[in-house]
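Residue-level structure breakdown
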Amino acid sequence: MFITPAIIQTALEVGLIYSLVALSLYLSFTILNLCDLSTDGCYTLGCAVSAMITIAGHPVLALFAAVAAGICSGFVTSFLQTRLGIESILAGIIVNTGLYTINLMVMGLSSNVSIFNVDTVFSLFRNLNASDFWVNWNRLILIAVIALVMCILMYLFLGTRLGLSIRATGDNDSMVKSSSINPAFTITVGLCVSNACTGLAGGLIAQYNKSCDINLGTGMVTIALASLVIGETLLGKGSVRRGIVGVLVGSCLYRFIVALA
């Protein structure tokens, strides 16, 4: 059999990490109706920041720093759109291009950084228990918990007053303006939250692979969009809950398809 338990486990682990990127595009593409093409660079930014801080001996802090880096990326993208009047596609391309240089600077002007022989959140989590089951499945458990928490937080956030305003902005910004809601603010918050998920995904993949490469984020938009399409095809379009579940299902299924290929 060419499909082994190890391949299935790896597909689930990577698929759940990719689901955070798909969740990001669910917010920007589906909810806000914006074409955010800065995902590739933001993913690599989160990876680079996480790798460098992990090397410094702070793997948990590295994930929070990756989230903060993603928020900064989202803010710049939204600033170009809302304040400078640049179209969302072009704004994403500009930020993605600029992040290439920034990512190189974060990585110390090196195109590849290794974090082998350094503690990561996965090694710290593995050391909590010495049983065979825990040793074999601890990474999947940790990634699943993080992905589930982020999905729940996203669902709760989109149900708040601010979240409903963001959803309304994507549906009809003219109506939002007439309701005394500033669409520039809702777009900014939406893109910051969206890119925070992407940064976290990059931070996790850095510690998962124990390395960071400057070209790691290439094609992440395609992968995330494919996950969204698969999820929507299987579960259909509808409520936010269905959309978020579709993100998880579509991302994991995408990785299974890659494993089969």
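Below: a short report on this structure. (Residues numbered from 1 in each chain as written. Predicted model: local features only at pLDDT ≥ 70, side-chain atom pairs only at ≥ 80, totals over all residues. Heavy atoms only, no water.)

1. As for the overall build of the protein chain
Broken down by element type, the protein chain carries eleven helices and two strands. In the protein chain, the succession of helices and strands from N to C terminus is α-α-α-α-β-α-α-α-α-α-β-α-α. For the protein chain, whose C-alpha radius of gyration is 18 Å, the value lies close to the compact-globule estimate of 18 Å for 261 residues. When each of the 261 residues of the protein chain is scored for burial, the buried share is 49%. Summarising the internal contacts of the protein chain: among those between residues at least 6 apart in sequence, 78% fall at separations of at least 24. Split by element, the accessible area of the protein chain, about 12100 Å² in all, is 66% carbon and sulfur. Looking at the protein chain, you have 11 positive and 10 negative side-chain charges, and the mean spots of the two groups are 7 Å apart. (Helix = DSSP H or I, 4+ residues; strand = E, 2+ residues; numbered from the N terminus. Rg over C-alpha atoms; globule rule 2.2 N^0.38 Å. Buried < 20%, exposed > 50% of the residue type's maximum accessible area, 1.4 Å probe, protein only. Contact = heavy atoms within 4.5 Å. Areas by Shrake-Rupley, 256 points an atom, 1.4 Å probe, with all protein chains shown as cover. Lys, Arg positive; Asp, Glu negative; His and termini not counted. Charge placed at Lys NZ, Arg CZ, Asp CG, Glu CD.)

2. Digging into the pattern of salt bridges
In the structure shown here, the tally under the stated rule is one salt bridge. Note that arginine 139 and glutamate 13 form a salt bridge whose closest N and O atoms lie 3.6 Å from each other. Residue arginine 139 is found in helix α6 (residues 132-158), and its partner glutamate 13 is found in helix α1 (residues 5-31); the two are separated by 126 residues along the sequence. Since its relative accessible area comes to 32%, arginine 139 is described here as partly exposed. (Salt bridge = Lys/Arg side-chain N within 4 Å of Asp/Glu carboxyl O.)

3. Remarks on the environment of alanine 147
With respect to the helices and strands, the residue alanine 147 is situated in helix α6. The class for alanine 147 is buried, based on a relative accessible area of 2%. For alanine 147 and leucine 23, which are 124 residues apart along the polypeptide, the C-alpha to C-alpha distance reads 9.6 Å. What alanine 147 contacts, discounting residues up to four positions off in sequence, is Leu16, Ser19, Leu20 and Leu248.

4. Considering the packing of aromatic side chains
According to the stated counting rule, one finds three aromatic pairs in the structure shown. For the ring pair phenylalanine 125 and tryptophan 134, a centre distance of 4.9 Å and an interplane angle of 45 degrees mean the geometry is tilted. We note that phenylalanine 125, like tryptophan 134, is buried. (Phe/Tyr/Trp six-rings, centres within 6.5 Å; stacked < 30°, edge-to-face > 60°.)

5. Notes on the packing of helix α7 (residues 161-171) against helix α9 (residues 183-209)
At a closest axis distance of 9 Å, the pairing of α7 and α9 adopts a crossing angle of 105 degrees. Taken together, the axes of α7 and α9 lie roughly perpendicular to each other. Residues Leu162, Ser165, Ile166 and Thr169 of α7 lie in contact with α9, whose contacting residues are Pro183, Phe185, Thr186, Ile187, Val189 and Gly190. (Axes fitted to C-alpha atoms, helices over the stretch in contact; angles between N-to-C directions. Parallel < 35°, antiparallel > 145°, perpendicular 65-115°, else oblique.)

6. Concerning the side chain of aspartate 40
Looking at where aspartate 40 falls in the secondary structure, it is placed in helix α2 (residues 39-55). This buried residue, aspartate 40, is left without a salt bridge; arginine 255 holds the nearest opposite charge, at 13 Å. For aspartate 40, the side chain forms a polar contact with the main-chain nitrogen of methionine 220, separated by 3.2 Å. Dropping the residues within four chain positions of it, aspartate 40 is found in contact with Asn96, Gly217, Thr218, Gly219, Met220 and Val221. (Polar contact = N/O pair within 3.5 Å; in protein donor to acceptor, adjacent residues only side chain to side chain.)

7. Let's talk about α1
In this model, α1 (27 residues) spans 36 Å end to end at C-alpha, consistent with the 39 Å of a helix rising 1.5 Å per residue. Of all the 27 residues making up α1, 19 are buried; the element is thus mostly covered by neighbouring parts of the structure. Just past α1, the residue asparagine 33 takes up positive phi, approximately 60 degrees. (Expected span 1.5 Å × (residues − 1).)

8. Notes on a nonpolar patch on the surface
Together, Val145, Leu148, Val149, Ile152, Leu153, Tyr155 and Leu156 give the surface a local cluster of nonpolar side chains, amounting to about 620 Å² of exposed area. Assignment of secondary structure puts valine 145 in helix α6. (Patch = residues over 30% accessible without salt bridge, like charges linked within 9 Å, V, L, I, M, F, W, Y side chains within 5 Å.)

9. Some remarks on the nonpolar core
Grouped together as the largest cluster of nonpolar side chains are 59 residues, with contacts concentrated most on Leu23, Tyr26, Leu158 and Leu204. Counting only elements with at least two residues in this core, the list comes to α1, α2, α5 (121-126), α6, α9, α10 (220-235) and α11 (240-260). No other element matches α1, which puts twelve residues into this core. For leucine 204, the contacting residues outside a window of four places in its chain are Ile17, Leu20, Leu63, Phe122 and Ile146. Within the second largest apolar cluster, nine residues are counted, among which are Cys42, Val49, Leu80 and Leu99. (Core = buried A, V, L, I, M, F, W, Y, C linked by side-chain atoms within 4.5 Å.)

Just geometry here; none of it tells us what the structure is for.
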